Each structure stands twice: as structure tokens, then as C-alpha cells.
Protein chains: 2
Amino acid sequence: MTPEEFRVAAHVLVDWIADHRARIADLPVAARVAPGEVAAALPAQAPERPEPFAAVLADLERVVVPGVTQTQSPHFFGWFPSNASAASVLGDLASSGLAALGITWASAPALTEVEEVVTEWLRELTGLPAGWRGAIHDTASTACLVALLAARERASGLSQNRGGLQSEPAPLTVYTSPEAHSSVGKAALLAGFGAANVRHVDVDPRTRAMCPDALAAAMEEDLAAGRRPAAVVVAVGTTGTTAIDPLADLAPIAARYGAWVHVDAAMAGSALLLPERRWMIDGVESADSLCWNPHKWLGTVLDCSLLYVRDPAELISVMSTNPSYLRSSADGEVTQYRDWGIPLGRRFRALKLWFHLRLDGVEAIRVRLRRDLANAAWLAAQVEQAPDWRLVAPLTLQTVCLRHEPADLLDADGATSDELDRHTLAWVAAVNGSGRAFVTPSLLDGRWMVRVSVGAEATEREHVAALWALLQEAAVAAGRAPAG
Amino acid sequence: MTPEEFRVAAHVLVDWIADHRARIADLPVAARVAPGEVAAALPAQAPERPEPFAAVLADLERVVVPGVTQTQSPHFFGWFPSNASAASVLGDLASSGLAALGITWASAPALTEVEEVVTEWLRELTGLPAGWRGAIHDTASTACLVALLAARERASGLSQNRGGLQSEPAPLTVYTSPEAHSSVGKAALLAGFGAANVRHVDVDPRTRAMCPDALAAAMEEDLAAGRRPAAVVVAVGTTGTTAIDPLADLAPIAARYGAWVHVDAAMAGSALLLPERRWMIDGVESADSLCWNPHKWLGTVLDCSLLYVRDPAELISVMSTNPSYLRSSADGEVTQYRDWGIPLGRRFRALKLWFHLRLDGVEAIRVRLRRDLANAAWLAAQVEQAPDWRLVAPLTLQTVCLRHEPADLLDADGATSDELDRHTLAWVAAVNGSGRAFVTPSLLDGRWMVRVSVGAEATEREHVAALWALLQEAAVAAGRAPAG
């Protein structure tokens, strides 16, 4: 495809995207296809001859659009926000068009230095300590793995350069909340610690945040048994209920044992742009790393996850390679991001952050984040005031955890029941099946509840109000339906 | 930014990209900025208020373009090709605009199923065995880490679910070529094997490919010493000289010990679309995984690396998570790609492959790959016929490894010298500094040589001929300059 053919097709595609974004509030929110339906709509072989652009675009409309959940809809309240601001889409297009190759500073100095500049902008905007340095990874899962690898190597005195983890005399242990994201446990296993060495520290039953005393006790017990605490993963905003582990209390305990403290603020990190939310990471100066995802609430299109570290040398000592074909005269004085993470080749992801921040401006982003916090608080207040509805976890951010609990579905002592679980799953299925909104059912203490995660870029108060009406309507209708 | 504001700005950006691609042959190929120069050109803080799109675009032109190596230039012969076909750029734009969220099949069925379809297209096109399944990762570095984690867990009987690698009685060993990519050794260390358990197996001094006998001997030695062979990484196309390890001879040796065989064909994999090049992976049916990067020679814009496995269950048993908020009624019958790799959240990367294959067609891609092989062979023939020039490694693919060796810079016995190294680095610096082409110096047996990696999408015979003239001109000029 020549530049001129690209020009013609890209203009058509741009119009298609603008039109798609403009109509998105009217599309069914959830994907509406059965397993295998998308695959069956596509040919079994790649075409030998070029197809016209119109044919590909037609399939995008016919096959792909109904096959994805519309995360950009103002009626999307699922999982966590996955905003893709138009400004960041432009930045990502610039990145693809330019096609820079980030394998060493010298291959694309701008790729490295724009990343240094925008991560420094965001360090300051989120109140992280001066001197902390950031890099872009794909996801918080990967960032957590990188942090735990660094923790493993710190605790083992760089055992990877000798006999590896297998040669370590004492088992290394990792501590986290049972409410932490699934990727934390996965990262600990991938890093080789072993399930037997991952401690799920007790949480406060009310706040669902990690108990500092329980952490201290778990670490003492491991030390007494000849194990060595290597890492504590602190969840600032858990996935289920956005519970906020008390970093200021936890970090000093970890410090006593030299354990690496990684803060997983994947969702909540965006709120750090608001000075009034900085308390969430009080104590961060004693931590070692912090990750948050601009590709969630902030709205820099997937994939864009930031990992900040107090001391990049601890990453570099674990991740560094220096083959001859990547050497240059600038090596001593520049940042080599390949040594800060897993991949060698890096895309110019900083452009989407750069475009996003410059074209939207920080002030407007803060206004939007505060809007969402207020909308979530409004919804939580409605739930608290409504008969038979209950907030099942404290509102800490913008995700409202709720349940419809009509008295006849509770046990005699007011406890939840299997029948209530069936009711919850029935009405949430009705909501999501309606196409009018999308929310996420999730287990809490073994019972189903519903997470309403406010924060799609297009979501205004009217959309939250419409959702609340829809939830009530669906719950009442499910209550009237024959049990089953 | 509203959809209408996006429309206006995106049309301007599309024209900018088309114009940039159209002029690219005339731009200096190498980035021309000093360390810190890009960062210094940008403001120290993010803007509070939105900036006009024209200002951002002006900085893209002023700061970013001179700050990246023009990998899309027909004069780019550096590292390996990093093609970003216009068709794939369109697919990536569609992905960003649509902003689907891949965290579970149900969140975006099309994201999963288009990926299944295009990886199946490419499985068949590259002659991989029926039943092998592919997934898209960011880079071959990550894919190799995933393969070595699977290897570790196979060899240890899923030690991650118990006491981890630390609890293993016998050290687990990994075998690879000393000429393998730097990411292989890095992946082995990150997976926790330890440098003491990574074996660099001897290569044939002429072909630079791994010696099967040396592999067998190394494995026997380790077994005798109480260690357990866990993985063999076979390089089909090494980074330095594109040497091709003899998979058909190596895989049966690995199979004797149950070791995982990972084939790293990051660069060479594109050539598997040519039936006449399938011999490169003879024996693959006994391997466990193979990775290649469409973001290199094939030309699907970064980042797009394919990892094929014989049995996905071996990945899933190591990588799987299943939090309640990601469950759906379809779970039993669909692919959950989050369980095939490290990240949970996945971008809709399959669209760029889908657009690329459909808009360009396979036939045209094959024609281009054969053109590049012929151009590399032509250049190699010129080098062989030219006095004082030498091919320093056999041409196996499209990367020509050469040196200018005037007699007066060789030792009395015809051996290379420090003086020759200085000469090589001088003329390659002159080539790259001219802006007229870009090649990569690299060490081979401790001496500098020059890699000319043919295969940029725009590179025709005339560009290779111009490069050859430039190399000769630069080498002669460097020879005339005062030594030092």
C-alpha cells in the first residue's frame, strides 16, 4: 500500500471512527455474539490477492463492532474504566505512522526522551517523590512481575548471576492482600517464589484493607521459620472493592526486613492527579515501586501502564543486556529503557501520553475525575437511601459495590443466601442483556454483588441516574419472576 | 476532545503521515540529536490548558522526526527490518479507535477470535504443524520468557504451585547458542534458572550454528552431575549473522531428556511464508514452541510477536487466573488468551495483522520477501568479487555480514587487527553520519564487522546498489584519512 493509497483509506477510517464514537451511546454496550460466531464469519485462509479497503471496513462494522463491549459508551460501568481519549488515539496513530524502533537510546532518542519527559510530568502531577523514575509497560501485570523479579534479586543478592533461585538457602516470601489483583499472585508464581511462599495477609473486615499487625505477624513467623521476606505488594485500590491498603503503616514494617514494597495503584493512580487524593499513597517515600495505568480512568488508550521506581539501578542490575550491535557512543549518558523491563523492542508509547496531556490539558482531566468521584458518591447515596438496597463495601473511589437485598431473600437471621445469589445474577444478567448498560458481578465473601465502576469519559450524571433507574427496574422485575 | 474535534485533527494527522512516508527516502536515515537534546526541547511541566493540535503537530515535526531513525526509509539497512506497512497502521488505528478491552473472551469476543483466525492463517502459511496454536505477544523477548517459564514448570512438575524453584532438589539447566539473541540469556535469568545453569553450546565455526554433538555432550554432563535439562532454545536466524541452528538434529536430542524446545525465529519467521524456505524449521514437529515477529520483515507495525505452542495447556497450567469478575457462561468453550501469557489486559493487536494480510495479500508479501533475498544475494556477490572486501559469515537469509579488509590493515599472517577495527568503525560512522544510509556495526569473534540487513519495505535493487557504492566510497575515504 503506497502513501497515497494509505491517505485515501485512512481518511475513510478516520471518518468511520469519528462516526462510531459519535453513535456509541446508542450501541448495545455488551458484545452480543456467541462463542465461535466471529471466527465463523471470517474466511479460513488469508487472501492471496489484496482486498479492497471497503471490504475490510465492512467486516469491521459487520463482524467486529457487535463482537466487542463498548468500553467508550457512557453506559459502560463494567470492570474498571478503559478510556481511550481521542487525543491519545491521535498520539498512537502518530506512533504507528512514524514507526520508530525503540531498542536502544540511539535507535530513537526521541522515543526515550519523550518517555522520560512525560513520566516526569506525571511523577510531579501525582505527587511521587522527586528522583523517582518512570517507564511505560504494557500492563500492571507485567509491571508487578518486573517489581517482584527485582525484589527476588534484591533478597537473594542477585542469585540470577549465580545458581539462580534454586540455589538459595532460605525460601523467599511475598506478602499481599487476598483482595489484591489476580496478577499479583500470578506474578509471584512466575517469578518462581512458589505458592507456599505467598502470604495472603488478613484484611480489616470493614475496610477490606490489609492489617499492618497481621503483616508484621506473618513476617515474624516466616523469619522464625527460617524464611526471608522479599516483597510486600500493597494494593492502593483493590480490584473488587477499591479498598486502600494503609501504605504509611505497611511500608515501615516491610522496611524492617529489607523487603521490596511494590504499590499496585493500577486503577487508583489516576486519582493522584487530584491533590485531595494524595493521602492514598502517604508513606510512598519508603516504598520501592509504584504502578498505575493511564489506560484505565485517565484515558490514554491501551496499553499504557506506568512503573515508577525509587532506584532504577535495581531494575538495571536485573534486566540489563548490552549486545555489541546496540552499543553507541552515547551509552554512558542516556537511559536505556530496555534495561528497565522485559521487552527489548519498544513501541513509541510515550506519544499517546504526550498527545493526551497536551491536547486535553491537565485541568480538564482533573475536572473529569472529580465529576466521576461525585457521580459515584451520588449513586452510593441513592443506594444507601433505597429500601432493600445495600452498599456492600465502603466507597473509596469511583466504584460502587452494591446489592439488592429484599427481605424475603435473606435468611431468618438476615444473612445472604443462595437464593439471593440467584437473584443478583438474574437482575445483573437482565441489565447487561438489555444493552442499555454494563456492570460487573463479582464475588465478595463468597456471595455475588455488583460493581458499578463509574468513570467512562462520556459518562455524565444523567447516565448514572439512568443506570440507577435501570438497576431498580431490573431488580424488581427479577423479584417478580418465578424463582429458578 | 469530541468526536468532531478528533475528525478534524485526525484528517490533518493522516495527511502528515502520508506526506512523511512519501518524503522518507530523502530524510537523513539516522537520528541526528545529541543526548538530552529532545528532552531539552520540551517544557518541564504538562500544560494545564489544552494546546492546539497544530502546536503538537509542529513539535512532532520539529522535535520528534529528527529524533528517530527512519526505519521505513529505503536506505535503512540497520539491525533488522522494522517494517510498518501502511495497511497495518490502518489496522492499528482501527484498534485504537475501537478501544476494545481484552481481559476475558466475553469482554471482547472479536478480539480473541480474530486473533485465533489470523494466527491460524499464519500457522498454515508458515507450515507449522496442524494443531499448533498462536497468540500475539509484544516481543520475542517476552515470548522467550513465557516459553522458559513453561519449560521450568514442566521440568519441575509445576513447582510454582508448591515451594517454587527454590524447593527443587536438582538445578534445572537451559541450553542455547552463544550467538542467540541477548533476550534468551535474559529470559533464562528472569525465569530464575541462574547464570550457572545456562549453557552456551558450541557452534560450528563456519556456519555459526549450534553443534548437535556439543548439545548432547553438555546435557549428558549435566545429567551426570545431578542437574536436569529443562530447555533448549534453538535460534533459527541468530541476530549477529542469521545463522540457522539445525532444529531437526537438535530437537531429538532435547526430546531424550524431556527438555522444552523453543525455536526463536524472530527475524527468519517471515521467510517461512516462502515454501522454499520451510527447511529452516525441519523437525519443528518435535519442538514445543516457536516465536517469530511480524513486526520485523513481514511488516506488521510494532509490537506484534507470535508465539506458537504445540500444547496451550502447558501455558495455561502456568499462567491461568480466574477471578470472579472475569467469569462468564462461555468460559468452558472459548479461548482465554490472558492465560497464555503475562498481561491480563490485551489490546486488539490482531486487527493490524488482519488488515495487513487482507489489504496487501499474501502473494505480494511473498514477492517482496523474495525480492529482498535476491537483493541480499546480489550484494553478497558484489562483496565476494570486490578486492579487499570479505563476507565474514555465510549468507543464510537477507543480512549480509561484511568487512573491508585492505591488506595493509591485516597482520603479517593475514589476521585482523586493532587497526582494522578502527578502520571498520571509521567507515561505518561515515556511512551512518552521511544520512544517506544506515547499517549496523557488530562484533564477530571479538572484531568489528558490518551487518547490512536488507528488507525495508521500500528497498529496491537500486537502493542496495547505491548502498554498495556508498560503502566502497566510505571505506576508501577512511583508508585515505590519517590513522588514529
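Residues numbered from 1 in each chain as written. Chains lettered and ligands numbered in written order. Predicted model: local features only at pLDDT ≥ 70, side-chain atom pairs only at ≥ 80, totals over all residues.

Structural notes on the environment of Arg49(B)
So, point 1. Structurally, Arg49(B) is set in the loop between α2 (37-40) and α3 (53-64).
So, point 2. Classification of Arg49(B) by C-beta neighbours within 10 Å gives exposed; the count is 10.
So, point 3. Taking the C-alpha atoms as reference points, Arg49(B) and Arg451(B), 402 residues apart in sequence, are found 47 Å from one another.
So, point 4. For Arg49(B), the contacting residues outside a window of four places in its chain are Gly361(A) and Glu363(A). (Helix = DSSP H or I, 4+ residues; strand = E, 2+ residues; numbered from the N terminus. Buried ≥ 20, exposed ≤ 12 C-beta atoms within 10 Å, placed from the backbone. Contact = placed C-beta atoms within 7 Å.)

Re the packing of helix α13 (residues 418-434) of chain B against helix α14 (residues 461-480) of chain B
All names here are of chain B.
So, point 1. The contact between α13 and α14 brings their axes to 9 Å, and the two run at 130°. Between α13 and α14, the crossing angle belongs to the class labelled oblique. Both α13 and α14 take part in a crossing whose hand is right-handed. Of the residues in α14, those touching α13 at His423, Ala426, Trp427, Ala430 and Val431 are Leu470, Leu471, Ala474, Ala475, Ala477, Ala478 and Gly479.
So, point 2. Here the residues of the contact of α13 with α14 are counted per class, giving 10 nonpolar, 2 polar and no charged. (Axes fitted to C-alpha atoms, helices over the stretch in contact; angles between N-to-C directions. Parallel < 35°, antiparallel > 145°, perpendicular 65-115°, else oblique. Left-handed = near helix turned anticlockwise from the far one by under 90°. Nonpolar A, V, L, I, M, F, W, Y, C, P; charged D, E, K, R; others polar.)

Notes on the interface of chain A and chain B
Interface size, as often reported, equals the accessible area lost upon joining of the parts.
So, point 1. Tallying the contact residues gives 129 residues for chain A and 129 residues for chain B.
So, point 2. Looking at the side of chain A that touches chain B element by element, the count peaks at 16 residues for helix α1 (residues 3-23) of chain A.
So, point 3. Its residues assigned to classes, the side of chain A that touches chain B comprises 72 nonpolar, 34 polar and 23 charged.

Remarks on the domain arrangement of chain A
Residue and element names in this part refer to chain A.
So, point 1. Here chain A is described as being made up of domain 1 (3-68), domain 2 (94-360) and domain 3 (366-480).
So, point 2. Here the C-alpha centre of domain 3 lies 32 Å away from the C-alpha centre of domain 2.
So, point 3. Counting residues at the interface gives 15 residues for domain 2 and 13 residues for domain 3.
So, point 4. Tallied by class, the residues present in the side of domain 2 that touches domain 3 amount to 7 nonpolar, 7 polar and 1 charged. (Domains from an automatic or database assignment.)

Regarding the pairing of strand β6 (residues 289-292) of chain A
All names here are of chain A.
So, point 1. Neither face of β6 is exposed, since Ser289 and Cys291 on one face and Leu290 and Trp292 on the opposite face are all buried.
So, point 2. Pairing between β6 and strand β7 (residues 305-309): 4 bridges, direction antiparallel. Its bridge partner lying in β7, Cys291 is registered against Leu307. (Pairing = 2+ DSSP bridges.)

A closer look at the sheet that holds strand β5 (residues 260-264) of chain A
Residue and element names in this part refer to chain A.
So, point 1. Strand order across the open sheet formed by 7 strands is β1-β7-β6-β5-β4-β2-β3, with mixed pairing between neighbours. The open sheet terminates on both sides in strands that have one partner only, identified here as β1 (133-137) and β3 (198-200). Averaged over all adjacent pairs, the angle separating strand axes in this sheet is 20°, with direction ignored.
So, point 2. Helix-sheet contacts for helix α6 (residues 140-155) involve β1, β2 (172-176), β4 (228-235), β5, β6 and β7, and the interaxial angle to β5 is about 175°.
So, point 3. In this fold helix α9 (residues 247-256) packs onto β4 and β5, with an angle of close to 170° to the strand it touches most, β4.

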